Amino acid sequence: MHKLTQAVLLVALCASPAFAADSDTNRPKVYTDIVACRALADAAVRLACFDTATKALEDATDNRQIVMLDQNDVRKTKKSLFGFSLPKIPFFGESDAEQEAEFKQVEGDLTGVKSIGAGKYQFTVKDAGVWQTTEATPLLLRDGKAFTIKRGSLGSFMLVMNGRGIRVKRVS
């Protein structure tokens, strides 16, 4: 019964609008095998097909040939990648427009702030890495100050505090 539940969850996950894909998208064989089982009319044959297909899915996930993420995992991963210049990542299962729309900014409180000389700072953003200012700033950055980092033009990023912007880059 546990395997059948996994299969149903996988089918629901892949069929959800957040994971809708173009018709030319190639699906893994373990997925198409599960979907193919639905077309079988005989209940016993269909159940045997589901058992075989879900076992193959279980083996593939155990061997890390298939990795399943729910929407919260996808959002967390996207946030952790904020600030990096990456190509479009098709395994998020979204259109280019949907990928562009999410995570145009991150907000929080500064942590791990340290001066790196010449009026520049390095700081940590929870779940979004280590950042540095790319220019000297008269603003005093210190732990606990609220901030927003927004995408700028031409792949740049701006740290906004108290209505003032400072260019920043992600370093790790």
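Look up: the structure comes first, before these words.
Residues numbered from 1 in each chain as written. Predicted model: local features only at pLDDT ≥ 70, side-chain atom pairs only at ≥ 80, totals over all residues. Heavy atoms only, no water.

Every α-helical turn comprises 3.6 residues, leaving residues that sit three or four positions apart pointing alike. When the terminal C-alpha atoms of helix 3 (residues 43–62) are compared, their 28 Å separation across 20 residues agrees well with the 28 Å that a helix rising 1.5 Å per residue should span. For helix 3, the full list of buried residues reads Phe-50, Ala-53, Thr-54, Leu-57 and Ala-60. Axial view of helix 3: buried residues confined to an arc of 115 degrees, hence all on one face. Of the exposed residues in helix 3, the ones pointing more than 90 degrees away from its buried face are Ala-44, Thr-52 and Asp-62. A distance of 3.2 Å separates the backbone nitrogen of Ala-44 from a side-chain oxygen at the start of helix 3, and that oxygen is part of Asp-42. (Helix = DSSP H or I, 4+ residues; strand = E, 2+ residues; numbered from the N terminus. Expected span 1.5 Å × (residues − 1). Buried < 20%, exposed > 50% of the residue type's maximum accessible area, 1.4 Å probe, protein only. Arc of directions from axis to C-beta. Polar contact = N/O pair within 3.5 Å; in protein donor to acceptor, adjacent residues only side chain to side chain.)

In this section: the sheet that holds strand 6 (residues 157–161). Read across the open sheet, the seven strands follow the order 1-5-6-7-4-3-2; overall the sheet is antiparallel. Looking at which strands have only one partner, the edges of the open sheet turn out to be strand 1 (105–109) and strand 2 (111–117). Strand-to-strand twist in this sheet, taken as the mean axis angle between neighbours without regard to direction, amounts to 30 degrees. Pairing of strand 3 (residues 120–124) with strand 4 (residues 130–133) involves three bridges; the strand directions are antiparallel. Residue pairing in the sheet places Phe-123 in a bridge with Trp-131 of strand 4. (Pairing = 2+ DSSP bridges. Axes fitted to C-alpha atoms, helices over the stretch in contact; angles between N-to-C directions.)

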